[in-house]
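# Tertiary structure, described
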Amino acid sequence: MVVGGLREFAHRTGNGSGTPVLEESNGEELMRVQPSVAVALGNRSLESPGTLYITSRKLIWLSDVDMAKGYAVDFLSISLHAVSRDQEAYSSPCIYTQIEVEDDEDEEDEDDTESTGALDLSKIREMRLVPSDSTQLDTLFDVFCECAELNPEPIEEEEEEEEEEEHNWVFSADQMVVGGGAEEDGEWPISQSPTSVIGLSIGDEGGLAQPMLELQINDQRFDDAEEMVHESETKDH
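Residue numbering note: each chain is counted from 1, following its sequence as written. Note on the predicted model: pLDDT of at least 70 is required for a residue's local features to be given, and 80 or more for side-chain atom pairs to be given and counted; whole-chain, interface and lining totals, by contrast, use all residues. Derived side-chain values reflect all non-hydrogen atoms in the structure, with water molecules and hydrogen atoms excluded from consideration.

### Brief notes about the packing of aromatic side chains
For Phe, Tyr and Trp, where Trp contributes only its six-membered ring, two rings pair if their centres lie within 6.5 Å, and the inter-plane angle classes them as stacked under 30 degrees, edge-to-face over 60, or tilted in between. Summed over the entire model, instances satisfying the criterion amount to two aromatic pairs. Taken together, a centroid distance of 5.6 Å and an interplanar angle of 15° make the contact between Trp61 and Tyr71 stacked. Placement of the pair is Trp61 in strand S4 (residues 58-63) and Tyr71 in strand S5 (residues 70-74), with a sequence separation of 10 residues. Considered together, Trp61 and Tyr71 belong to a single accessibility category, that of buried residues. On the numbers, 6.0 Å between centres and 85° between planes, the contact of Phe75 with Phe144 is edge-to-face. With Phe75 in the loop between S5 and strand S6 (78-84) and Phe144 in helix H2 (residues 137-149), this residue pair connects regions lying 69 residues apart in the sequence. Segments assigned H or I by DSSP are reported as helices when at least four residues long, segments assigned E as strands when at least two residues long, and all are numbered from the N terminus. Only protein chains enter the accessibility calculation, which uses a 1.4 Å probe. A residue is then buried if its area is under 20% of the maximum for its type, exposed if over 50%, and partly exposed in between.

### Things to note about the sheet that holds strand S2 (residues 30-41)
Spatial ordering of the open sheet is given by S1-S5-S4-S3-S2-S8-S7-S6, a layout of eight strands whose pairing is antiparallel. At either margin of the open sheet sits one strand with a lone partner, and together these are strand S1 (7-8) and S6. Paired strands, in this sense, are two strands between which DSSP finds at least two bridges. Bridge count for strand S3 (residues 50-55) against S4 is five bridges, and the pairing is antiparallel. Following the sheet pairing, Leu52 is matched in S4 by Trp61. Along the sheet, H2 contacts S2, S3, S4, S6, strand S7 (94-99) and strand S8 (126-131); its crossing angle with S6, the most-contacted strand, is approximately 160°. In this analysis, two residues are considered to be in contact whenever any of their non-hydrogen atoms come within 4.5 Å of each other. Between N-to-C directions, angles span 0 to 180 degrees; the directions come from axes that are lines fitted to C-alpha atoms, helices contributing only their stretch in contact.

### Quick look at the nonpolar core
The nonpolar core is taken to be a set of buried Ala, Val, Leu, Ile, Met, Phe, Trp, Tyr and Cys residues, with the residues joined through side-chain atoms within 4.5 Å. Of all hydrophobic cores here, the largest spans 23 residues; its most connected members are Leu6, Leu41, Ile54, Leu59, Met127 and Leu129. It is H2 that provides the largest number of residues to this core, a total of five residues. Among the nonpolar cores identified, the runner-up in size contains six residues, and Phe9, Leu22, Tyr53 and Ile60 belong to it.

### Examining the environment of Gly5
Position of Gly5 among the secondary structure elements: in the segment before S1. Along the sequence, Gly5 and Phe75 sit 70 residues apart, while their C-alpha atoms lie 9.5 Å from each other.

### Side note on the pattern of salt bridges
For this analysis, a salt bridge means a side-chain nitrogen from Lys or Arg found within 4 Å of a carboxyl oxygen belonging to Asp or Glu. Counted by the stated rule, this structure contains four salt bridges. A salt bridge links Arg7 to Asp74; the nearest nitrogen and oxygen atoms lie 3.2 Å apart. On the criterion of sequence distance, the pair formed by Arg7 in strand S1 and Asp74 in strand S5 is long-range, its members being 67 residues apart. Classification of Arg7 by relative accessible area gives partly exposed; the value is 28%. Judged by relative accessible area, Asp74 falls into the partly exposed class, the value being 26%. With a shortest N-O distance of 2.8 Å, Lys58 and Glu28 are connected by a salt bridge. A residue pair is termed long-range when its members are at least 10 positions apart, and Lys58 in strand S4 and Glu28 in the loop between helix H1 (13-16) and S2 qualify at 30 residues. Glu28 carries the same exposure label as Lys58, and that label is buried.

### Here's the deal with unusual backbone geometry
The phi dihedral of Ser36 falls on the positive side, at around 55°, and the residue is not glycine. Looking at the secondary structure, you find Ser36 in strand S2. For Ser36, a relative accessible area of 30% gives the class partly exposed.

### Thoughts on the side chain of Gln34
Secondary-structure assignment places Gln34 in strand S2. Judged by its relative accessible area of 7%, Gln34 is buried. Excluding its chain neighbours within four sequence positions, the residues that come into contact with Gln34 are Gly50, Thr51, Leu52, Gln136 and Leu140.

### Digging into the environment of Val73
For Val73, the location among the structural elements is in strand S5. Taking relative accessible area as the criterion, Val73 reaches 1% and is therefore assigned buried. Excluding residues that lie within four positions of it along the chain, Val73 makes contacts with Gly5, Leu6, Arg7, Lys58, Leu59, Ile78, Ile99 and Met127.

### A closer look at H2
Here H2 is 13 residues long and its end C-alpha atoms lie 19 Å apart, about the 18 Å a rise of 1.5 Å per residue gives. Its buried side turned inward, H2 meets S2, S3, S4, S6, S7 and S8. Here the expected span of a helix is defined as 1.5 Å times the quantity of residues minus one.

Rendered as structure tokens:
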């Protein structure tokens, strides 16, 4: 899945001073508007309050001070959201979110700022939304949950094929020939029941066949011993 992560958003109606422009042609709908919400990105301090717009596809935060400033993140990129009221974890009650980002193997430094000191949104993994009215946290959380359900993670074709291959280990009795079958083992046929190969890994037929053969030999010896005892008792009588 392609991870979008956090990004800048400045598409507003009304000559750039109104509400965010939605992708209505793709079915995006506005689910809730929460005014006076401050945002903290990563370990940075709170920014000036803005307005939070929750749509059926993404979160949008627009600054009330700087009309050209705003952030957006798709629900598909949000891996976790929760209500946080623990002041030891954060100073203000908030909605805490974790954001998936693209892994960069060449980058060992996970700082969210570029070498120039500018904020690099593509590296932001955490975002906190702090409403001025903390009694709205539970309501916001419920809307988050509803929208998350509207955006299930898509199953890629490669993942489906891998899952099918991983579970393609059920064989019929005719396919499970252990040790060459009855013709090669003479009077000691090896059982080919599917239940006999529980825990058998591919290429381990030899390790299973030997104890099975010994078990059947021992069973036969017990049968011979019982017959000898029975014949002896018959002669004595």
